[in-house]
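An overview of the molecular structure
In case you want the letters, here they are:
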Amino acid sequence: MKKITLASMIVSLGLLGACSQEDHSSSDHDMKGMDHSSMNMEGMDHSSMDMGDGNSTMDMSHETITKLKSSLGNHELSFPKVLKPDDKDSNSISYTVRAQQGTTEIFDGIKTNTYGYNGNFLGPVIRVEKGMKVTIHLVNDLKEDTTFHWHGLEIPGNEDGGPHKVLKPGQSETIQFTVKQEAATLWFHPHPMHETGKQVFKGLAGLLYIDDKNSETLNIPKTYGVDDLPIILQDRTFTDDQQLDYDHTMNEDGTTGDTLLINGVVDPKLTVDRKKVRLRILNGSNMRSYTLHFNNHMAFQQIAGDGGFLNKPDTTQSIEVAPAERAEVIVDFTKVKGNEVKLVTEDNVTVLPIHFKESKAEPNTAKAMETFNHLKVLDEVKNKKVTKTVKLAGMGKNVTINDKKFDKNRIDFTQKQNETEVWEIENVKDSMGGMNHPFHIHGTQFQVISIDGKEPPKSLSGLKDTISLKPGQKAKIAVKFQHKGVYMYHCHILEHEDNGMMGQIKVY
């Protein structure tokens with residue numbers, strides 16, 4: 001029988017709300033020791049369930065988020081290959097990207113059935129440059145429908161790869177666009193209606209790097225696979241025979257796993273020179289957010305977010321990355337005493353043990369306060385009236401945006417091309433407390449004006465395509481579309497997206 005979580009039970013009983021990730025109520029302690037992930041409806045006396053007196057906030061979030069295991073550091077971290085172009089000249093580049101299925105030896109000596117792009121698991125890094133005309137030939141070699149969504153890319157609506165642009169098994173198509181964005185770490189993944197969570201869970205995710213002249217001149221690590229390292233974080237649960245059984249693991253409120261993979265590697269470790277290293281972190285998980293720091297509490301610098309560089313590095317001891325968000329950080333390992341440091345979560349779960357080669361420390365040459373960008377939200381934008389309000393609410397199958405579920409035949413908003421509007425995004429806090437919602441808009445990079453009326457933290461001062469809001473939070477964002485077309489906006493908890501927590505905007 002399929003596992004039923006406590007959250008989905010509450011939905012089935014008609015008690016609408018959302019699981020809180022923020023409030024810690026007594027219900028956590030009352031139910032301590034119960035394995036809610038494996039609870040089922042058989043033999044349960046529903047009439048005897050005590051749902052409270054209605055006067056207290058009920059918090060079930062920690063019962064639905066699977067506890068993560070620490071990395072044992074048994075396998076050296078590997079990095080996705082950089083995809084070789086089909087053709088390239090000074091002004092244009094072309095690639096072929098295939099969605100396919102295969103097997104991968106994630107665990108020693110065991111073949112796991114997986115999906116991948118141009119390979120068996122995950123995808124390669126596609127590199128393009130600002131100003132280039134890009135041609136991508138898309139091929140669906142799966143036995144099911146899929147799409148190719150270019151997350152964070154400013155691209156015409158009919159090339160964006162939303163749920164309207166389905167490729168059936170064996171089908172192919174070609175898209176073309178000109179890169180107008182500055183340097184950034186973007187990614188691509190499937191977006192078929194009701195199937196996104198499963199296809200990403202099974203391995204469909206790849207990175208898209210935009211390079212530009214400015215990034216080439218900056219005094220930062222930039223040698224791929226040596227000191228410029230992609231870190232794709234994904235949590236998964238495997239069956240007893242080490243397979244990815246999404247239907248068995250799936251949670252309507254967001255699927256989480258007990259095993260963390262980085263770049264598809266289980267129990268990873270990283271061995272590097274004792275030098276400055278750039279980590280390009282992507283949260284490619286279906287639902288789990290990560291708050292990361294080093295176990296020695298060393299400071300590091302965040303230099304970029306979703307859509308590119310911050311104006312100046314933000315020195316911090318921890319960062320939070322919600323599903324679909326990216327963060328680029330520079331870590332100075334010359335400052336570490338000893339031969340090892342660990343990247344850990346807020347619960348001190350080891351994400352990545354880092355070991356240092358026996359090499360002489362390099363001098364610290366990077367400028368701590370080098371200017372990377374010149375972004376600013378103009379006063380005339382800050383003073384604009386809110387023209388679009390987005391209310392995120394619900395849990396499980398009952399998630400909505402503005403009290404509506406996605407309808408492919410309904411246009412929810414319209415906006416004029418190249419015109420900046422102010423959107424207000426609210427994560428509605430209800431009697432159940434609520435949960436974080438990472439809100440994503442296709443086809444644009446927006447600027448955060450304020451969160452709860454206050455200036456956003458430095459980490460959110462760059463261009464963004466995804467913003468995670470806690471229950472009760474409101475954000476104002478400045479949104480401008482460079483291209484025309486129909487685009488999705490949605491919660492990037494993939495199961496919420498699949499359950500219809502999504503709307504459409506037509507840019508004309």
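To start, this report covers the structure provided alongside it. Positions within a chain are numbered from 1, following the residues in the order the chain's sequence is written. Selection of residues for local features in this predicted model requires a pLDDT of at least 70, selection of side-chain atom pairs for listing and counting requires 80 or more, and totals for whole chains, interfaces and linings are taken over all residues. Water and hydrogen atoms play no part in the side-chain values, which are based on all heavy atoms of the structure.

Digging into the nonpolar core
Think of a nonpolar core as a cluster: buried Ala, Val, Leu, Ile, Met, Phe, Trp, Tyr and Cys residues, connected wherever their side-chain atoms sit within 4.5 Å. Relative accessible area decides the class of each residue, using a 1.4 Å probe on protein chains only: under 20% of the type maximum gives buried, over 50% gives exposed, and in between gives partly exposed. Ranked by size, the top nonpolar core spans 32 residues in total, and within it Leu 233, Ile 281, Leu 292, Phe 294, Phe 333, Leu 352 and Ile 354 carry the most contacts. Considering every element that reaches this core, the biggest residue donor is strand E22 (residues 350-356), with four residues. In contact with Leu 352, not counting residues within four places along its chain, are Leu 77, Ile 231, Ile 262, Pro 268, Lys 269, Leu 270, Val 341, Lys 342 and Leu 343. A helix here means a DSSP run of H or I that spans at least four residues, while a strand means a run of E at least two residues long, and both kinds are numbered starting from the N terminus. Contacts are assigned to residue pairs that have any heavy atoms within 4.5 Å of one another.

Regarding the pattern of salt bridges
Salt bridges are identified by distance alone: a Lys or Arg side-chain nitrogen within 4 Å of an Asp or Glu carboxyl oxygen. This model, assessed by the stated rule, comprises 20 salt bridges. Lys 397 is paired through a salt bridge with Glu 252; the nearest N and O atoms lie 3.7 Å apart. Of the two residues, Lys 397 sits in the loop between strand E23 (386-393) and strand E24 (400-401) while Glu 252 sits in the loop between helix H6 (246-249) and strand E12 (259-262), which places them 145 residues apart along the sequence. You can call Glu 252 buried: its relative accessible area is 17%. Overlapping salt bridges, with partners in common, bring together Asp 306, Glu 325, Arg 326, Lys 464 and Asp 465 in one network.

Some points on the packing of aromatic side chains
For any two aromatic rings, the description comes down to two numbers: the centre-to-centre distance and the angle of the planes. Stacked, tilted and edge-to-face are the three classes assigned to paired rings of Phe, Tyr and Trp, where Trp is represented by its six-membered ring and a pair needs centres within 6.5 Å; plane angles under 30 degrees give stacked, over 60 edge-to-face, the rest tilted. Inspection of the entire model under this criterion finds 15 aromatic pairs. Their ring planes at 85 degrees and their centres at 5.8 Å tell us that Trp 423 and Tyr 489 sit as a pair that is edge-to-face. Of this pair, Trp 423 sits in strand E26 (residues 421-427) while Tyr 489 sits in strand E31 (residues 485-491); the two residues are 66 residues apart in sequence, bridging distant segments of the chain. Any Lys NZ or Arg CZ found within 6 Å of a ring centre and within 35 degrees of that ring's normal is scored as a charge over the ring. Just above the ring of Tyr 209 sits the side chain of Arg 280; from NZ or CZ to the centre is 3.9 Å.

Regarding the sheet that holds strand E27 (residues 437-441)
Here a strand pair is declared whenever DSSP counts at least two bridges between the two strands. If you walk across this open sheet you meet the five strands as E25-E32-E31-E27-E29, and the pairing is mixed. Each edge of the open sheet carries a strand with a single partner, namely strand E25 (413-415) and strand E29 (466-469). Sheet twist, expressed as the average angle between the axes of neighbouring strands with direction ignored, equals 20 degrees. Relative to E29, E27 runs antiparallel, the two being bridged by four bridges. Bridge pairing in E29 links His 437 to Leu 469. Axes here mean lines fitted to C-alpha atoms, for a helix over just the part in contact, with angles spanning 0 to 180 degrees between N-to-C directions.

Considering unusual backbone geometry
Across residues other than glycine, the phi torsion is negative in most instances, and most of the peptide bonds are trans. A positive phi angle is found at Asp 267, which is not glycine, with a value near 50 degrees. Looking at the element boundaries, Asp 267 is found in the loop between strand E13 (265-266) and strand E14 (268-272). In this structure, Ala 324 is a non-glycine residue whose phi angle is positive, near 85 degrees. With respect to the helices and strands, the residue Ala 324 is situated in the loop between strand E19 (319-321) and strand E20 (326-332). Exposure remark for Ala 324: the relative accessible area of 0% places this residue in the buried category.

Side note on a negative patch on the surface
Residues enter a patch when their relative accessible area is above 30% and they make no salt bridge; the linking distance is 9 Å between like charges and 5 Å between nonpolar side chains (Val, Leu, Ile, Met, Phe, Trp, Tyr). Using the Shrake-Rupley algorithm and a 1.4 Å probe, accessible areas are obtained, with residue cover drawn only from the displayed protein chains. The sign given to each residue is positive for Lys and Arg and negative for Asp and Glu; His and the chain ends receive no count. Working definition for charges: the position is that of NZ of Lys, CZ of Arg, CG of Asp or CD of Glu. A cluster of acidic residues, Asp 240, Asp 241, Asp 245 and Asp 247, forms a negative patch at the surface. Structurally, Asp 241 is set in the loop between strand E11 (228-236) and H6.

Points about the pairing of strand E3 (residues 92-107)
Sheet topology note: the strand E2 (residues 87-88)/E3 ladder contains two bridges and is antiparallel. Looking at E3, one finds that Lys 88 is bridged to Ile 93. From the end of E2 to the start of E3, which pair antiparallel, there are three residues. Looking at chain direction, E3 and strand E6 (residues 133-140) are connected through eight bridges and run parallel. Its bridge partner lying in E6, Thr 96 is registered against His 137. As paired elements, E3 and strand E4 (residues 110-117) share seven bridges and run antiparallel to each other. Each residue of the ladder has a partner; that of Ala 99, found in E4, is Tyr 117. Where E3 hands over to E4, the hairpin turn is made up of two residues, of which Gly 109 adopts a positive phi near 80 degrees.

Regarding the sheet that holds strand E9 (residues 184-189)
Read from one edge to the other, the open sheet built from four strands follows the order E5-E10-E9-E7, with strand pairing classed as mixed. The open sheet has two edge strands, strand E5 (125-129) and strand E7 (149-151), and neither has a second partner. Between one strand axis and the next, the sheet turns through 25 degrees on average, direction left out of account.

Points about the environment of Thr 223
With respect to the helices and strands, the residue Thr 223 is situated in the loop between helix H5 (213-217) and E11. Note: C-alpha distance between Thr 223 and Arg 278 (55 residues apart in sequence) is 9.3 Å.

Here we look at the pairing of E14
Only one face of E14 is buried: it carries Pro 268, Leu 270 and Val 272, and the other face, with Lys 269 and Thr 271, is open. Alignment of E14 against E22, held across three bridges, turns out to be parallel. Across the sheet, the residue bridging to Val 272 is Phe 356, located in E22.

Here's the deal with the side chain of His 496
By the secondary structure assignment, His 496 is in helix H8 (residues 494-498). In this structure His 496 touches Glu 252, Asp 253, Gly 396, Val 399, Met 435, His 437, Cys 491 and Met 501, once residues within four positions along its chain are discounted.

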